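Here is what each chain is made of, one letter per residue.
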Amino acid sequence: MARMVFTRSFITDLAAFDKPTRDAVKEKMALVSEFPGVGTRALGSSSAYSFGHDALKVAVSGLDVFYRREGEPGPDETVYVLGVVPQRCIR
């Protein structure tokens, strides 16, 4: 399982949502840390600009959660959770 690092911007973004939504995001990120194949690199230009071209995203409860993986899959891998954006705001 990869080590998870939650950035300050992610924590700030997530705090704007209700508890059930926050819990759903936490559950999805647990899957991300355990299964390297989860997520997509299909980012729009504004998302790639904001989070980097190497970012991945997963969808949960009408939100896109952006993250980046570093290292080899397994215990030496780190997942940096970068931010969360409502899907209706993504262009």
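Trainee: Which residues make up the environment of Leu82, and what values do they have?
Mentor: Mapped onto the elements, Leu82 comes out in strand 4 (residues 78-86). We classify Leu82 as buried; its relative accessible area is 13%. Sequence separation between Leu82 and Asp13 is 69 residues, and the spatial gap between their C-alpha atoms is 9.6 Å.

Trainee: Would you mind going over the nonpolar core in detail, with residue names and values included?
Mentor: Grouped together as the largest cluster of nonpolar side chains are 15 residues, with contacts concentrated most on Phe10, Val25, Met29, Val65 and Tyr67. Within the residue set of this core, elements represented by two or more residues are helix 1 (8-14), helix 2 (19-34), strand 2 (56-60), strand 3 (63-70) and strand 4. Excluding anything up to four places from it in sequence, Val65 contacts Phe10, Val25, Met29, Leu56, Lys57, Val58, Val60, Val81, Gly83 and Val84. Residues Ala48, Phe51, Leu82 and Val85 belong to the second largest nonpolar core, which totals seven residues.

About the cut-offs
Residues numbered from 1 in each chain as written. Predicted model: local features only at pLDDT ≥ 70, side-chain atom pairs only at ≥ 80, totals over all residues. Heavy atoms only, no water. Helix = DSSP H or I, 4+ residues; strand = E, 2+ residues; numbered from the N terminus. Buried < 20%, exposed > 50% of the residue type's maximum accessible area, 1.4 Å probe, protein only. Core = buried A, V, L, I, M, F, W, Y, C linked by side-chain atoms within 4.5 Å. Contact = heavy atoms within 4.5 Å.

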